[in-house]
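Single-letter residue listing:
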Amino acid sequence: MAHIKGLHHNAYRCRDSEETRAWYEDFLGLKLVSAFPIDEGRALHTFFQMDDGSCLAFFEVPGKPFDFKRQDSLDLHIALGVDNDVFERMLQKGRARAIEVRGPVDHGFCRSIYFRDLNGYIVELIADTGVHQEIMDPAQSKLHEVLTRWQ
């Protein structure tokens, strides 16, 4: 059985690399750590790093159509963990800049706010409510029982 060490990056298409950089670096606060052409220069690949070393990555591919669909958060979203003080700061920052913001939503085990980036992707910021570890502990969450009942 393979042992996965962790997430290296998630990759998404983007319409415009600079527009995407401004949103993820200037607004969200992720550090742009790499940008390089790939596929014989037909695409630009950019990487934005999080504190744990993993990245969100984007591909801009001029001339290759991509249908950016308006996603529902249950279909696709990028969920990022933040401390409670960052959560509050980002909520106020989003509202002040008139960025599309949904929430805060109290899920019990966490609180969430949802933003929509300029590509249409939903970015969720999650702050722990103190019981997150319980819900993520397989011994306590009884995950196999829940899955069996669901079926």
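Here goes a summary of the coordinates provided.

Cut-off values and rules
Residues numbered from 1 in each chain as written. Predicted model: local features only at pLDDT ≥ 70, side-chain atom pairs only at ≥ 80, totals over all residues. Heavy atoms only, no water. Helix = DSSP H or I, 4+ residues; strand = E, 2+ residues; numbered from the N terminus. Contact = heavy atoms within 4.5 Å. Polar contact = N/O pair within 3.5 Å; in protein donor to acceptor, adjacent residues only side chain to side chain. Buried < 20%, exposed > 50% of the residue type's maximum accessible area, 1.4 Å probe, protein only.

1. Regarding the environment of Arg116
By the element assignment, Arg116 lies in strand β7 (residues 110–116). Each C-alpha atom, one on Arg116 and one on Ile99, is 7.6 Å from the other, the two residues being 17 residues apart in sequence. Residues contacting Arg116, with those up to four places away along its chain left out, are Trp23, Arg70, Gln71, Ile99, Glu100, Tyr121 and Ile122. Reaching out from Arg116, the side chain makes a polar contact with the backbone oxygen of Gly120 at a distance of 3.0 Å.

2. Some words on helix α1 (residues 17–27)
The complete set of buried residues in α1 reads Ser17, Thr20, Arg21, Trp23, Tyr24 and Phe27. Gly29 occupies a position one or two residues after α1 and carries a positive phi of about 95°.

3. With respect to the side chain of Ser73
By secondary structure assignment, the location of Ser73 is in the loop between β4 (55–60) and β5 (78–81). Judged by relative accessible area, Ser73 falls into the buried class, the value being 14%. A distance of 3.3 Å separates the side chain of Ser73 from the side chain of Arg102, its partner in a polar contact. With residues near it in sequence (within four places) discarded, Ser73 still touches Arg102, Tyr114 and Ile122.

These results come straight from atomic positions and should not be treated as a statement about function.
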